[in-house]
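# Residue-level structural notes
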Amino acid sequence: MPREIGRKLIAQNKRARHDYFIEDTYEAGLVLTGTEVKSLRAGKANLTDGYATVDGGEAWLINVYIPEYSQGTWTNHAARRTRKLLLHRKEIGKIQQVLKERGLTLVPLALYFKDGKAKIEIGIARGKKDYDKRQTLMEKQADREMARAMSNAVRRRGGR
């Protein structure tokens, strides 16, 4: 029985949702060393510059920053080392097929503990153009204004 139950978020890549259209998501395990797990348990990680790739039938996480453990000794890990992702063979095959298309990439979206085990959510993403980003921002702003107007209307009605 795991010590921890549920999902504890460590890091989230908000930039990925701004820069990419996320088409599909997968949950993968990570091959980590002891000091990496301790550093993650302290809540330290950065997914911003990271990406994943499939090479030789294996999935790899590249350029994700997990800082060195503060109380680690000479056994400490390299902060930006390449880490292996644990996925089913069929999932790796699907991802590899989709990544052959032009303009798609594999981006880390969230890093978390699920029932005591480190997991990462990766997404197959298509890059947004500048006009797509502006359109998304305008839609968010319009939704906010609509919600604000609705709450003001409800507040006025309740006051009468």
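Let me begin by describing the structure that accompanies this report. Note that this is a predicted model, so its numbers are computed, not measured.

### Focus: the environment of lysine 100
Summarising the element assignment, lysine 100 is placed in the loop between helix 3 (89-99) and strand 6 (104-114). Under the relative-accessibility criterion, lysine 100 is labelled exposed at 66%. Here the alpha-carbon distance between lysine 100 and glutamine 12, two residues 88 residues apart in the chain, equals 26 Å.

### Brief notes about the packing of aromatic side chains
Within the structure shown, the criterion is met by zero aromatic pairs. It is arginine 7 that lies over the ring of tyrosine 112; its NZ or CZ is 3.8 Å from the centre. The ring of phenylalanine 113 has arginine 41 lying over it, and the distance from NZ or CZ to the ring centre is 4.2 Å.

### Points about unusual backbone geometry
Phi at asparagine 63 is positive, roughly 65°, even though this residue is not glycine. When you line up the elements, asparagine 63 lands in the loop between strand 4 (58-62) and strand 5 (83-86).

### Structural notes on the pattern of salt bridges
Inspection of the entire model under this criterion finds seven salt bridges. The salt bridge involving arginine 15 is made with aspartate 19; its shortest N-O contact spans 3.3 Å. Here arginine 15 pairs with aspartate 19, and both are found in helix 1 (residues 14-19), just four residues apart, close to one helical turn. In this structure aspartate 19 comes out as buried when scored by relative accessible area, which is 17%. Shared partners join several salt bridges into a network, and the residues in it are Arg15, Asp19 and Lys133.

Each value, and the rule that gives it
Residues numbered from 1 in each chain as written. Predicted model: local features only at pLDDT ≥ 70, side-chain atom pairs only at ≥ 80, totals over all residues. Heavy atoms only, no water. Helix = DSSP H or I, 4+ residues; strand = E, 2+ residues; numbered from the N terminus. Buried < 20%, exposed > 50% of the residue type's maximum accessible area, 1.4 Å probe, protein only. Phe/Tyr/Trp six-rings, centres within 6.5 Å; stacked < 30°, edge-to-face > 60°. Lys NZ or Arg CZ within 6 Å of the ring centre and 35° of its normal. Salt bridge = Lys/Arg side-chain N within 4 Å of Asp/Glu carboxyl O.

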